[in-house]
Amino acid sequence: MGTDTAHGTAAGATALADRKREQRGWYFYDWACSVYSTSVLTVFLGPYLTSIAKAAADADGYVHPLGIPVRAGSFFPYTVSLSVILAIFVMPLAGAAADRSGRKKPLLAIAAYTGAAATTGMFFLDGDRYLLGGLLLVVANASLAVSMVLYNSYLPQIAPPEERDAVSSRGWAFGYASGSLVLLANLVLYLAHDSFGLSESTAVRICLASAGVWWGAFTLVPLRRLRDRRSASAPGDASAPSGTGLRQLVATFKDMRRHPLTLSFLLAYLVYNDGVQTVISQASVYGSEELRLDQSTLITAVLLVQVLAVVGALTMGRLARAYGAKRTILGSLVAWTVTIGAGFFLPADSPRWFFVLAVGIGLVLGGTQALSRSLFSHLVPAGKEAEYFSAYEMSDRGMSWVGPLVFGLAYQLTGSYRDAIVSLVAFFVIGFVLLARVPVRQAVRDAGNPVPTRI
């Protein structure tokens, strides 16, 4: 008996050590790819690609990709939209293939290194190569979306229910810490490019390419530590054809109809996350156009948000341990409502108060995203992790267009960016109501998963 107990204790300790090692490896994919979102998408690529398109434009300010007349200033957002459409078709295919085969790691490697290579290739964007820039952006963005489906789907497999909030929060914290570190280095290079003997264009291209090199280099860590699992709950031939992306997407949502409470959570997430994403994308417009702040102030605010999002993600992870993920998310939505409402009253020409707004956003940003991911992981039937997370990722990346539309309409109707920014409060209020109505314990049981003590 004593020997058996000793063997059991040793085996348990080994399993715990292996799980912790795999979790640490998982964190590093957030560390690897978040640099792309921060430095490339949020700061550098939009203005730079727009300037390249303008250099290639005709006398009327139009470029002509595939013979289609497009205003040079619209080329970047149109390209982002195209990448989202591509991702919507590819994500369900990748998710279903990963679940059927149980081989997520090779698919993660393909997606990650395709995206990293495209991002590194942005070093060659000079002159009037706007078409090359558009192609690389579409490939990188779609690859990131697919890789995040596969990455997120590991969460239910590497963390038992009681650990998921903390593990998800640490992953987001790693990502924001990485984004802050590289963005700071990029800003030093960009602002002091003359001191390094570089032109402004060359400095930007180095910043863009460095994100791709960083993404590819640190992806090696999760690829070494994560392991594939064949789920007994996911029957089917791995080589079976899955049809088109659209057919697979329809099939995924048909399957999700058997879990209506999971769909209810996704609806709530879609609404409040649309508000989150719109605040991220439009805050700089509000700062520059309404508050008359310069570019250096806006970039500093972005960096401040990134740093504080690390603190916010870890703090809200601890709160979830005491109060449950659902209550903590609901509390964060209240905080979002207060923060965005306060943004309406910010005085113009006052960077200090804009930084206060950035502090409020940073403290709730990471935690809201991290806990939403961990809560959804409890609502996914075993064996369908990647497939369901493709729907989740589509809600995150593919459906966040209503918020910008509301923001734009509010400005068009009122002529005031203050009214436009405060219109986003509706997303957090409606999201709060929808999430509050989801009985998450019942949703976890309906998905066939064990119910954590606190959720």
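It should be emphasised that the depicted structure is a prediction, and the values quoted were computed from it without experimental measurement. (Residues numbered from 1 in each chain as written. Predicted model: local features only at pLDDT ≥ 70, side-chain atom pairs only at ≥ 80, totals over all residues. Heavy atoms only, no water.)

Quick look at the overall build of the chain
The criterion, for reference: Numbered from the N terminus, helices here are DSSP runs of H or I no shorter than four residues, and strands are runs of E no shorter than two. Within these notes, the globule rule equals 2.2 Å times the number of residues to the 0.38 power, and the radius of gyration is based on C-alpha atoms. Only protein chains enter the area calculation, which uses a 1.4 Å probe; residues under 20% of their type maximum are buried, those over 50% are exposed, and those in between are partly exposed. Throughout, a residue-residue contact means that at least one pair of heavy atoms, one from each residue, lies within 4.5 Å. Note that His is not counted, nor are the chain ends; the positive residues are Lys and Arg, and the negative ones are Asp and Glu. Where a charge lies is defined by one atom per residue type, namely NZ (Lys), CZ (Arg), CG (Asp) and CD (Glu).
The helix and strand inventory of the chain stands at 17 helices and two strands. In summary, the chain has a C-alpha radius of gyration of 22 Å against a globular reference of 23 Å for 455 residues, a match within 12%. Overall size of the chain, expressed as C-alpha extent along the three principal axes, is 80 × 45 × 45 Å. Looking at the chain as a whole, 53% of its 455 residues qualify as buried. Residue pairs in contact within the chain that sit at least 24 positions apart in sequence constitute 82% of those at least 6 positions apart. Seen as two clouds, the 37 positive and the 28 negative side-chain charges of the chain have centres 9 Å apart.

Section: the pattern of salt bridges
Applicable threshold: By definition, a salt bridge exists where a carboxyl oxygen of Asp or Glu is found within 4 Å of a side-chain nitrogen of Lys or Arg.
One pass over the structure, following the stated rule, counts eight salt bridges. Between E163 and R19 there is a salt bridge whose closest N-O contact spans 2.7 Å. With E163 in the loop between α5 (155-158) and α6 (164-191) and R19 in helix α1 (residues 2-56), the pair connects residues that are 144 residues apart, well separated along the chain. Judged by relative accessible area, E163 falls into the buried class, the value being 14%.

Topic: the packing of aromatic side chains
Our working definition: Pairing of aromatic side chains requires ring centres within 6.5 Å, counting the rings of Phe and Tyr and the six-membered ring of Trp. Pairs whose planes differ by under 30 degrees are stacked, by over 60 edge-to-face, and all others tilted. Only when the NZ atom of a Lys or the CZ atom of an Arg is both within 6 Å of the ring centre and within 35 degrees of the ring normal do we say a charge sits over the ring.
All told, the structure shown has 27 aromatic pairs when counted by the stated rule. Here the aromatic rings of W31 and F218 are separated by 6.0 Å at their centres, their planes lie at 75 degrees, and the arrangement is edge-to-face. Taken as a pair, W31 in helix α1 and F218 in helix α7 (residues 200-225) lie far apart in primary sequence, 187 residues in all. For W31, a relative accessible area of 17% puts it in the buried group. Ring geometry for W214 versus F218: centroids 4.7 Å apart, planes at 45 degrees, classification tilted. Taken together, the positions of W214 and F218, both in helix α7 and four residues apart, correspond to about one turn of that helix. The ring of Y154 carries K104 above its face, with NZ or CZ at 5.2 Å from the centroid. The side chain of R205 reaches across the aromatic face of F123, ending 4.7 Å from its centre.

Topic: the side chain of S423
This is how it is decided: Side-chain atoms alone can form a polar contact between residues adjacent in sequence; in general such a contact is a pair of N or O atoms within 3.5 Å, and within protein one must be able to donate a hydrogen while the other accepts it.
Here S423 lies in the loop between α15 (417-422) and α16 (425-436). A relative accessible area of 18% means that S423 is categorised as buried. For S423, the side chain forms a polar contact with the main-chain oxygen of A420, separated by 2.5 Å. Each residue touching S423, except ones within four places of it in the same chain, is listed here: V406, F407 and A410.

Considerations on the nonpolar core
For the record, the criterion: By nonpolar core is meant a set of buried Ala, Val, Leu, Ile, Met, Phe, Trp, Tyr and Cys residues that side-chain atoms within 4.5 Å join together.
Counting residues in hydrophobic clusters, the biggest one holds 68 residues, and the most contacted among them are W26, Y29, L45, M122 and W215. Setting aside anything within four residues of it in sequence, one finds W26 in contact with Y151, Y154, L155, I158, V167, S168, G171, L226 and R373. Counting residues in hydrophobic clusters, the runner-up holds 62 residues, among them M256, V271, I421 and A443.

A closer look at the environment of R225
With respect to the helices and strands, R225 occurs in helix α7. Residue R225 is classed as partly exposed on the basis of its relative accessible area, which comes to 30%. Note: C-alpha distance between R225 and S81 (144 residues apart in sequence) is 34 Å. In contact with R225, other than residues within four places in its own chain, are R21, E22, R24 and G25.

Topic: the state of the cysteines
Cut-off, in case you're wondering: What counts as a disulfide here is a pair of cysteine sulfur atoms lying within 2.5 Å.
Evaluated as defined, the whole model comprises zero disulfides. No disulfide involves C33; its sulfur sits 19 Å from that of C207, the nearest cysteine. Residue C33 is classed as buried on the basis of its relative accessible area of 2%. Judged by relative accessible area, which is 1%, C207 ranks as buried.

Observations concerning a positive patch on the surface
Operational definition: Patch definition: residues above 30% relative accessible area lacking any salt bridge, with like charges linked at up to 9 Å and the nonpolar side chains Val, Leu, Ile, Met, Phe, Trp and Tyr linked at up to 5 Å. For the accessible areas, the method is Shrake-Rupley and the probe is 1.4 Å, while residue cover comes only from the protein chains on display.
There is a patch of like positive charges on the surface, built from R327, R441, R445 and R454. Mapped onto the elements, R454 comes out in the segment after α17 (440-446). Among the residues examined, R454 registers a relative accessible area of 48% and is labelled partly exposed.

A closer look at the environment of S264
Locating S264 in the fold gives a position in helix α9 (residues 260-290). Residue S264 is classed as partly exposed on the basis of its relative accessible area, which comes to 30%.

Regarding the packing of helix α3 (residues 104-120) against α7
Note the cut-off: For helices, the fitted axis covers only the stretch in contact; all axes are lines through C-alpha atoms, and the angles between them, taken along N-to-C directions, range from 0 to 180 degrees. Throughout, the term roughly parallel applies to angles under 35 degrees, roughly antiparallel to angles over 145, roughly perpendicular to angles from 65 to 115, and oblique to all others. Throughout, a crossing is termed right-handed when the near helix is turned clockwise from the far one, and left-handed when it is turned anticlockwise from it by less than a right angle. Following the grouping adopted for this structure description, the nonpolar residues are Ala, Val, Leu, Ile, Met, Phe, Trp, Tyr, Cys and Pro, the charged ones are Asp, Glu, Lys and Arg, and the polar ones are all others, Gly among them.
Where α3 contacts α7, the two axes come as close as 7 Å, and the packing angle between them is 165 degrees. It follows from the interaxial angle that α3 and α7 lie roughly antiparallel. In the packing of α3 onto α7, the handedness of the crossing is left-handed. Contacts from K105, L108, A109, A112, Y113, G115, A116, T119 and T120 of α3 reach α7 at L208, A209, A211, G212, V213, W215, G216, T219, L220, P222 and L223. Each residue belonging to the contact of α3 with α7 can be placed in one class, and the counts come to 13 nonpolar, six polar and one charged.

Focus on the packing of helix α11 (residues 325-343) against α16
The geometry of α11 relative to α16 is characterised by a closest axis approach of 9 Å and an angle of 165 degrees between their N-to-C directions. Relative to α16, the element α11 is oriented roughly antiparallel. Seen along the crossing, α11 lies across α16 with a hand that is left-handed. Here K326, I329, L330, L333, V334, W336, T337, I340 and G341 of α11 come into contact with α16, specifically with V425, F428, V429, G431, F432, L435 and A436.

Focus on a nonpolar patch on the surface
Where nonpolar side chains cluster on the molecular surface, the patch consists of V334, V338, V429, F432 and V433 and spans about 390 Å² of accessible area. Of all the secondary structure elements, the ones that give two or more residues to the nonpolar patch are α11 and α16. Top element by residues in the nonpolar patch is α16. It accounts for three residues. Along the chain, the position of V433 falls in helix α16.

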